[in-house]
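# Coordinate analysis (summary)
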2 protein chains.
Amino acid sequence: MSFTINAEISQFHGKLYKLSHESTSTKTKMDVNVFVPPSKSTKIPVLVYLSGLTCTPNNATEKSFFQYFATKYGFALVFPDTSPRGANIEGEDDSWDFGSGAGFYVDATTEKWSKNYNMYSYVHKELLTELSKQFPTLDFENISLSGHSMGGFGALSGFLSNPGKYKSVSAFAPISNPSTCPWGEKNFGNYLGEDKAAWYKYDPTHLIADYKHEHQPTILIHQGSADGFYAKDHQLQPEIFVDAAKKAGYKGGVELHVAEGYDHSYFFISTFAEEHAKHHAKYLGLSE
Amino acid sequence: MSFTINAEISQFHGKLYKLSHESTSTKTKMDVNVFVPPSKSTKIPVLVYLSGLTCTPNNATEKSFFQYFATKYGFALVFPDTSPRGANIEGEDDSWDFGSGAGFYVDATTEKWSKNYNMYSYVHKELLTELSKQFPTLDFENISLSGHSMGGFGALSGFLSNPGKYKSVSAFAPISNPSTCPWGEKNFGNYLGEDKAAWYKYDPTHLIADYKHEHQPTILIHQGSADGFYAKDHQLQPEIFVDAAKKAGYKGGVELHVAEGYDHSYFFISTFAEEHAKHHAKYLGLSE
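Numbering of residues starts from 1 in every chain and runs along the sequence as written. Chain labels run from A onward and ligand labels from 1 onward, assigned in the order the entries are written. Given that this is a predicted model, residues contribute local features only at a pLDDT of at least 70 and side-chain atom pairs are listed and counted only at 80 or more, while totals for whole chains, interfaces and linings are drawn from all residues. To obtain the side-chain values, all non-hydrogen atoms of the structure were used and water was disregarded.

### Things to note about the sheet that holds strand S8 (residues 219-224) of chain A
All names here are of chain A. How we decide: Strand pairing requires that DSSP identify at least two bridges connecting the strands. Put simply, DSSP marks the helices as runs of H or I at least four residues long and the strands as runs of E at least two long, and each gets a number from the N terminus on. Fitting a line to C-alpha atoms yields each axis, with helices limited to the stretch in contact; the angle taken between N-to-C directions then spans 0 to 180 degrees.
Strand order across the open sheet formed by three strands is S7-S8-S9, with parallel pairing between neighbours. Taken across any chain shown, the strands that pair with only one partner, and hence form the sheet edges, are strand S7 (170-172) and strand S9 (254-259). Looking at each pair of strands side by side, their axes are set apart by 10° on average, direction ignored.

### Observations regarding the side chain of Ser157 of chain A
Residues and elements named next belong to chain A. Put simply, the rule is: Here a polar contact is recorded for every N or O atom pair within 3.5 Å, except that within protein the pair must consist of a potential hydrogen donor and a potential acceptor, and residues adjacent in sequence are included only if both atoms are side-chain atoms. Between two residues, a contact is recorded if the distance between any of their heavy atoms is within 4.5 Å.
By the secondary structure assignment, Ser157 is in helix H4 (residues 150-161). Separated by 2.7 Å, the side chain of Ser157 and the backbone oxygen of Tyr202 make a polar contact. Setting aside residues no more than four positions away along its own chain, Ser157 makes contact with Tyr202, Pro204 and Leu207.

### Focus on the relation of the copies chain A and chain B
We apply this condition: A least-squares fit on C-alpha atoms brings the copies together, and the residues used are those whose pLDDT is at least 70 in both copies.
The transformation that overlays chain A on chain B combines an axial shift of 0.0 Å with a rotation of 180°, and the residual RMSD is 0.0 Å. This pairing of chains is accounted for by a two-fold axis. Identified as the residue of chain A closest to the rotation axis by C-alpha distance is Lys63 of chain A, at 2.8 Å.

### What about the confidence of the model for chain A?
Filter applied, for reference: On a scale of 0 to 100, pLDDT captures the predictor's confidence in every residue.
Averaged over every residue, the pLDDT of chain A is 97; residues scoring 70 or more account for 99%. Among the scores for the predicted complex, ipTM is 0.95 and pTM is 0.97.

### Re the interface of chain A and chain B
To keep it simple, the criterion reads: Summed over both partners, buried area is the accessible surface (1.4 Å probe) that two parts give up on being assembled. The term salt bridge refers to a pairing of a side-chain nitrogen on Lys or Arg with a carboxyl oxygen on Asp or Glu at a separation within 4 Å. Side-chain classes are defined by residue name, with Ala, Val, Leu, Ile, Met, Phe, Trp, Tyr, Cys and Pro counting as nonpolar, Asp, Glu, Lys and Arg as charged, and the others, Gly among them, as polar.
In this complex, chain A contributes 22 residues to the contact, which on the side of chain B involves 23 residues. Buried surface at the junction of chain A and chain B, both sides included, amounts to about 2,000 Å², of which 61% is carbon and sulfur. Of all residues in chain A, Phe65, Tyr68 and Phe267 of chain A bury the most surface against chain B, accounting for 31% of the area lost on that side. In this assembly, chain A and chain B are joined by two salt bridges. At the boundary of chain A with chain B, the tally comes to twelve residue pairs in polar contact (both at pLDDT 80 or more). Among the elements of the structure, strand S1 (4-11), helix H1 (57-63), helix H2 (66-73) and helix H10 (266-283) of chain A are those that each provide at least two residues to the side of chain A that touches chain B. It is H10 of chain A that contributes the most residues to the side of chain A that touches chain B, five residues altogether. Its residues assigned to classes, the side of chain A that touches chain B comprises nine nonpolar, eight polar and five charged.

### Things to note about the environment of Gln216 of chain B
Examined against the element boundaries, Gln216 of chain B turns out to sit in the loop between helix H7 (204-209) and strand S8 (219-224). C-alpha of Gln216 of chain B to C-alpha of Gly184 of chain B: the two residues are 32 residues apart in sequence and 25 Å apart in space.

### A look at the packing of helix H2 (residues 66-73) of chain B against helix H10 (residues 266-283) of chain B
Residue and element names in this part refer to chain B. Counted only if it meets this: Crossings are sorted by hand: turned counterclockwise from the far helix by less than a right angle, the near helix makes the crossing left-handed, and turned clockwise it makes it right-handed.
For the pair H2 and H10, the least separation of the axes is 9 Å and the interaxial angle reads 35°. In the packing of H2 onto H10, the handedness of the crossing is right-handed. Across from Phe66, Phe69, Lys72 and Tyr73 in H2, the residues of H10 making contact are Ala273, Glu274, His276, Ala277, Lys278 and Ala281. Of the residues contributing to the contact of H2 with H10, the split by class is six nonpolar, one polar and three charged.

### Thoughts on the layout of surface pockets
All names here are of chain B. Let me state the cut-off plainly: Cavity means a closed set of points on a 1 Å grid over the protein atoms alone, one where a 1.4 Å probe fits but cannot get out, pocket means an open set with protein on both sides within 12 Å along at least 5 of 7 lines, and lining means a residue has an atom within 4 Å of a point. Grid points are joined across faces, edges and corners, and a volume is the space filled by probe spheres set on the points.
There is about 380 Å³ of room inside the largest pocket. Along the wall of the largest pocket there are 19 residues; nearest its centre are His148, Phe229, His264, Ser265 and Tyr266. No other element matches H10, which puts three residues into the lining of the largest pocket. A breakdown of the residues in the lining of the largest pocket according to their chemical character gives seven nonpolar, nine polar and three charged. Put simply, the second largest pocket is a space of about 270 Å³.

### Focus: the sheet that holds strand S9 (residues 254-259) of chain B
Residues and elements named next belong to chain B. Taken together, the three strands give an open sheet; going across it, the order is S7-S8-S9, and neighbouring strands pair in parallel fashion. Only two strands of the sheet have a single partner each, and these edge strands are strand S7 (170-172) and S9. Strand-to-strand twist in this sheet, taken as the mean axis angle between neighbours without regard to direction, amounts to 10°.

### Looking at helix H9 (residues 238-248) of chain B
Residues and elements named next belong to chain B. Heads up, the condition is: Think of it in three bands: with a 1.4 Å probe and only protein chains considered, a residue is buried below 20% of the maximum accessible area for its type, exposed above 50%, and partly exposed in between. The arc under discussion is defined with respect to the helix axis, by the directions toward the C-beta atoms.
Residues Pro238, Phe241, Val242, Ala244 and Ala245 constitute the buried set of H9. Buried residues in H9, looked at end-on, bunch into an arc of 160°, giving them a common side. Turned more than 90 degrees away from the buried face of H9 sit Lys246 and Lys247, all of them exposed. Packed against the buried residues of H9 are helix H4 (150-160), H7, S8, helix H8 (228-231) and S9.

Structure (structure tokens):
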């Protein structure tokens, strides 16, 4: 369904739109931010940025500084929300790392969550289709994926389970093997049930092991060494994903940069946004 | 007094410090953020950025994007708070545009406010002196000023009332003639009393009329045309300041850019941070 424009804001010589629409995937109203660079092209490439736990579309919009590089290279940005909001499911708002703000970019299959928690279909199908109608100058056939933490998982998972759909993928501190970390166990268990075969269909480390499509661009990952979720809690585990890619013979390879002293915050994301923007610009056919 | 380091965060290959200290000017604990770029210099120039109404040091730190350019050019950033906090003065927290978050960078003279609301002395004297002890590689003799809205006023006012102290000054949507706008009347009236002669000592439009010092760098100002405080409420009035500078024969001139369609937000600030950074870098003796 069509979008309501809640705000149209000038930034970096382009336009930032704060939108909302009624989603058929989640049966709720969903917010999304879109940045359109000051390009005269009628086929503007698109980078979809998936945010992490607790975030709305506004966090990355305000703090990632991807817009600066979107203007520099000439791609649009899409910042989806991280879950349905106000679905009125018992327990939905009880945890910061599950339910609201933690949709985990999967289609839930358990009875309690399956009506609304369908962020996989929402992000990779419904939202892109609807946005292509709203923004005819954006080229949703020339599109890439990035994201942070849970959104880094969402980016890797979405790229690998939609072979050929996304030109490139990158991630900041992604939850790389959710089937074996507390966040993944909590969310996959609730949304997908206890059968781990269902989890593996979304787990990047399992997906890359079975990835056969010829489109194998380099996967760029940054990880802060001082990120407690990485160094202490083992929620992220990018090395396991790198090993799986190697073992599978993934042609583009995974370029993992462990950045000394960086944490899990937007100060980390904004620092490396430039490298990620450059990475995607190359695959989207853009130059400075 | 010496600083407590509440956080040390890696960003843009430099370090962001979230500090607090007991201020003798305000008789309260004050927060301040400092960004040190990845420079090997032992004389790193400094840009002090004064924030607007309601802000803490964190808003600009998270949303202005100045750190990216501080790293590019090699200057440090200082983000002071906008008022004392918790001074326990009756009415201090009643208005969003007066009291807490609205110290207006003056030294209050009225009985009620004069004990704590001394942001002029705090910013231009105490804070810089204390920071120079904490950060021996920063050169507080090579320093510039910028700011937004109330902080844009604070930058222009502080530059003009400290001739020769700051190498350059710039402002985003500054309150340029506070003696003749509602925000200025409310705050100056409360902090300085009803005698307008006391107001004029801080008012940039009056200060530039009397400015005689030979140091007259170009003053850079950006103003968004869609900023309601500018277009509707006449709180900002940069044209009056430009006229006063012309009439006074200020040699460097005032470069006022009215940016079509931009509002009063950090989306506006982040867009033009690059031009302001470049402006200051030139006067601070830095190149890319």
